[in-house]
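Architecture and fold: a report
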Amino acid sequence: MKNIQKGLGALLASAILSTSAFAADREFKVLPVFTDGNWCGQTEVAVVMGSTNFDNNLKTGVNYGVELSFDCPVFTLPGDHILRQQLSLSRYDKNNFEVTVIEMNPYYFFRLSKDLLLGVGPGIAGVHGDPEGGKDNWSFAYQAGAGLKYYMNNFLVGADLRWQWTDEKDYGSGTKEDLDNMRVLLKAGYRF
């Protein structure tokens, strides 16, 4: 766990340092959605599909869903620093256990090239575990992730790697367990 945290910290630090050479006319603004007449959310909608690997006895399986993302309406950063909110709804269903995740992942993106962006950030989620014949429960989760997006005009393709840690709940077995997992996700979408 410490190695993952150190690696994400190093990635974020290098991202911040590497973007200092980019110049743009944006400046720091609080609540640009209300204070900046030129603010545009640049909304994106994408389908997401990948693999979920749980830390417990659940099997690795397919995860699928949708993602809505937009530029941060709370504040903008100066230069070419990009903050985006990513809201996702995804589902896993294997071996009589369904997991539904509703999550928010604010990512800090920086440009690797004109059309290729790398993003990193934390996240929070509600995770609903529903075993067949067991007891369904909602858990709070926090997470960390990193992702790439490549733009072709208004179309985009991307990949994310996310780690998620959940509360422990009893799903009907009499003992509490978590739904901690790592997900590898591919996405394809459109920017409006």
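Residues numbered from 1 in each chain as written. Predicted model: local features only at pLDDT ≥ 70, side-chain atom pairs only at ≥ 80, totals over all residues. Heavy atoms only, no water.

Attention now moves to the packing of aromatic side chains. On inspection of all chains with the given rule, the structure shows seven aromatic pairs. A centroid spacing of 5.8 Å and a plane angle of 50 degrees characterise the contact between Tyr107 and Phe109, whose relative ring orientation is tilted. Residue Tyr107 is classed as buried on the basis of its relative accessible area of 1%. Between Phe155 and Tyr190, the ring centres sit 5.1 Å apart and the planes meet at 70 degrees, which makes this aromatic pair edge-to-face. You can see Phe155 sitting in strand E9 (residues 155-166) and its partner Tyr190 sitting in strand E12 (residues 181-191), a full 35 residues away along the chain. The class of Tyr190 is partly exposed, set by a relative accessible area of 30%. (Phe/Tyr/Trp six-rings, centres within 6.5 Å; stacked < 30°, edge-to-face > 60°. Buried < 20%, exposed > 50% of the residue type's maximum accessible area, 1.4 Å probe, protein only. Helix = DSSP H or I, 4+ residues; strand = E, 2+ residues; numbered from the N terminus.)

All right, on to the sheet that holds strand E3 (residues 61-71) then. Paired through their backbone hydrogen bonds, the strands of a sheet run either parallel or antiparallel. The antiparallel closed barrel is built from eight strands, whose spatial order is E2-E3-E5-E6-E7-E8-E9-E12. Across the sheet, the mean angle separating the axes of adjacent strands is 25 degrees when strand polarity is ignored. The pairing of E3 with strand E5 (residues 82-94) spans nine bridges and is classified as antiparallel. Looking across to E5, one finds that Val66 is bridged to Leu89. (Pairing = 2+ DSSP bridges. Axes fitted to C-alpha atoms, helices over the stretch in contact; angles between N-to-C directions.)

Let us now look at a nonpolar patch on the surface. The grouping of Val45, Leu68, Leu87, Met104, Ile124, Phe140, Tyr142 and Phe192 at the surface amounts to a nonpolar patch, some 730 Å² of accessible area in total. Structurally, the position occupied by Phe192 is in the segment after E12. A relative accessible area of 63% places Phe192 in the exposed class. (Patch = residues over 30% accessible without salt bridge, like charges linked within 9 Å, V, L, I, M, F, W, Y side chains within 5 Å. Areas by Shrake-Rupley, 256 points an atom, 1.4 Å probe, with all protein chains shown as cover. Salt bridge = Lys/Arg side-chain N within 4 Å of Asp/Glu carboxyl O.)

Space left empty within the atom packing is revealed by a probe, the size of a water molecule, rolled over the atoms. Inspection of every chain in the model, using the stated rule, returns two cavities of 30 Å³ or more. By volume, the largest cavity is sized at about 50 Å³. Around the largest cavity sit Thr52, Phe54, Asn63, Ser90, Arg91, Tyr92, Val99, Val101, Gln164, Asn181 and Arg183, which together line it. Contributing elements (two or more residues each) for the lining of the largest cavity: strand E2 (44-54), E5, strand E6 (97-111) and E12. When residues of the lining of the largest cavity are assigned to their parent elements, the largest contribution, three residues, is made by E5. Looking at the lining of the largest cavity, its residues break down into four nonpolar, five polar and two charged. Considered as a void within the structure, the second largest cavity measures approximately 40 Å³ in volume. (1 Å grid on protein atoms, 1.4 Å probe; cavity = no way out; pocket = protein on both sides within 12 Å on 5 of 7 lines; lining within 4 Å. Points joined across faces, edges and corners; volume = space filled by probe spheres on them. Nonpolar A, V, L, I, M, F, W, Y, C, P; charged D, E, K, R; others polar.)

This part covers unusual backbone geometry. The backbone of Leu31 sits at a positive phi, close to 50 degrees, despite the residue not being glycine. Take Leu31: it is sitting in the loop between strand E1 (29-30) and helix H2 (32-35). With phi around 55 degrees, Asn153 is a residue other than glycine that occupies positive phi space. Considering the arrangement of structural elements, one finds Asn153 in the loop between strand E8 (137-152) and E9. Among the residues examined, Asn153 registers a relative accessible area of 74% and is labelled exposed.

Turning our attention to the side chain of Gln164. Along the chain, the position of Gln164 falls in strand E9. Residue Gln164 is classed as buried on the basis of its relative accessible area, which comes to 1%. Dropping the residues within four chain positions of it, Gln164 is found in contact with Val101, Ala125, Val127, Ala141, Tyr142, Gln143, Asp180, Asn181 and Arg183. (Contact = heavy atoms within 4.5 Å.)

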